[in-house]
Amino acid sequence: MKQPGILVLNAGSSSIKFLFFVEQNDDLAPVLRGQVEGLHTAPHFIARDGAGRVVDEKRWGEGTALGHQGAVAHLAAFLRAEGSNYALHAVGHRVVHGGMDHVQPERVTPDLLRSLERLVPLAPLHQPHNLAPIRLLLEHQPDLPQVACFDTAFHATNEDVARRFAIPSDLHDAGVRRYGFHGLSYEYVSAALPAHDPAAAAGKVVACHLGNGVSMCAIDGGRSVANTMGFTAVEGLPMGTRSGSLDPGVLLYLMDERKMDARAIEKLLYSQSGLLGMSGISSDMRNLLESDDPRARTAVDVFVYRIRRELGSLAAAMGGLDALVFTAGIGENSAAIRERVCRDAAWLGIELDAKANAAGGPRISTAASRTAAWVIPTNEELMIARHTRRVVEGRD
Ligand code: AMP
């Protein structure tokens, strides 16, 4: 008999990543993972089993426009194929923006889809791609349960004072406010922390999601209090290619003096800035850490300095700090960046255990450290799978 499971989709502009989870020991475990990439150029599908062995692969020729439609169809056919051990029970989607109205995972309906489509202007680079597979599955398999999980939802607990920009309030009322992102990652880390450090998990935590996208979140008693991302996922810290916060006057200057329009500024802020823009070398922290080019050093220095400043700000928002948690690509893998961040945070009571840090944790502060520091690998897909199971089984 085929084992029922949950498909988790993370759809971007040019790729769809997927994981397939089945029940295991009261939780969910991934048994298949893979992606279809190059959706509009040279599509490539690959699926691996839980041990990382390739179980299926297909390449379409250069110039084939498979699109989201073709990719979803291929994925559905792959899961249905003869010989597949699994049956598709439900699909969970990562959706970047839930706006003001969608603050927890929700079962997909045509009404929900219409409501999420209205949020496209708030996240034009992500939202349309997140919604494409939802729309296709709703059309072709209307009886298949689908659940939308929002990257903004975890921050719904932020108070009004943390959300407001100091602009006329009619704009706030129309939705121009701080939402925050990486919520599924923070939710996972929050759920995992009690097993490591129950006292800190019940207290004041700053989690640093340092990946290609970068943000930090103040979490008090398991609830998001503040985070560095705002109206869009470009606010806050410098990222791989995104600028992070800028003086808004810079935008006016770019428009008036450089005659840049909205699209040119969007490209500059989202694709040409951050580590890549500062260094002129790479958006990948590994390349910058290996380089002896002074521009690479400057980019890393600015990255660490901004984290130091935001850490003070987030600790101030909570009135203290019990633990600092590192996650995502850089946070999980770069002992050098963690070391610099922790040494900068000595004033907050963090004493780094250099040996534990070099070994990757999980605890990287000394036993005597007043404030703990941890490395907790994130797992946004597992979070989505758990939510999907709960919503489909009516447990939410
Ligand atoms: P993510 O978006 O979470 O997949 O993180 C991707 C980023 O993690 C990459 O762009 C790299 O900059 C960074 N990364 C991965 N491994 C390392 C490492 N060993 N040292 C420094 N940075 C790393």
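Please read these numbers as outputs of a predicted model, since none were measured by experiment.

Here is what the cut-offs are and how they apply
- Residues numbered from 1 in each chain as written.
- Predicted model: local features only at pLDDT ≥ 70, side-chain atom pairs only at ≥ 80, totals over all residues.
- Heavy atoms only, no water.
- Pairing = 2+ DSSP bridges.
- Helix = DSSP H or I, 4+ residues; strand = E, 2+ residues; numbered from the N terminus.
- Near = heavy atom within 4 Å.
- Polar contact = N/O pair within 3.5 Å; in protein donor to acceptor, adjacent residues only side chain to side chain.
- Areas by Shrake-Rupley, 256 points an atom, 1.4 Å probe, with all protein chains shown as cover.
- Nonpolar A, V, L, I, M, F, W, Y, C, P; charged D, E, K, R; others polar.

Enquirer: Hey, could you run me through the pairing of strand 3 (residues 27-37) in this one?
Expert: As a general feature of sheets, a regular strand has side chains that alternate between the two faces. One ladder, built from ten bridges, connects strand 2 (residues 15-24) with strand 3; its direction is antiparallel. Directly across from Q24, in strand 3, lies its bridge partner D27. The turn linking strand 2 back onto strand 3 is made up of two residues, and N25 within it adopts a positive phi angle of 50°. The sheet contact formed by strand 3 and strand 4 (residues 44-49) spans six bridges and is antiparallel. Across the sheet, residue G34 finds its bridge partner in strand 4, namely A47. Counted along the chain from strand 3 to the antiparallel partner strand 4, the turn is six residues long, and its residue G38 has a positive phi close to 60°.

Enquirer: What is the right way to look at the site of the ligand in this model?
Expert: Lining the immediate environment of the ligand, one finds G211, N212, D284, M285, R286, A328, G329, I330, N333 and S334. At 2.9 Å, a backbone N or O of G329 approaches an oxygen atom of the ligand. Contact with the protein chains covers 69% of the free accessible surface of the ligand, which is 500 Å². Secondary structure elements with two or more residues in the shell around the ligand: helix 11 (285-290) and helix 13 (328-333). Sorting elements by how many residues they give to the shell around the ligand places helix 13 first, with four residues. Within the shell around the ligand, the residues separate by chemical class into three nonpolar, five polar and two charged.

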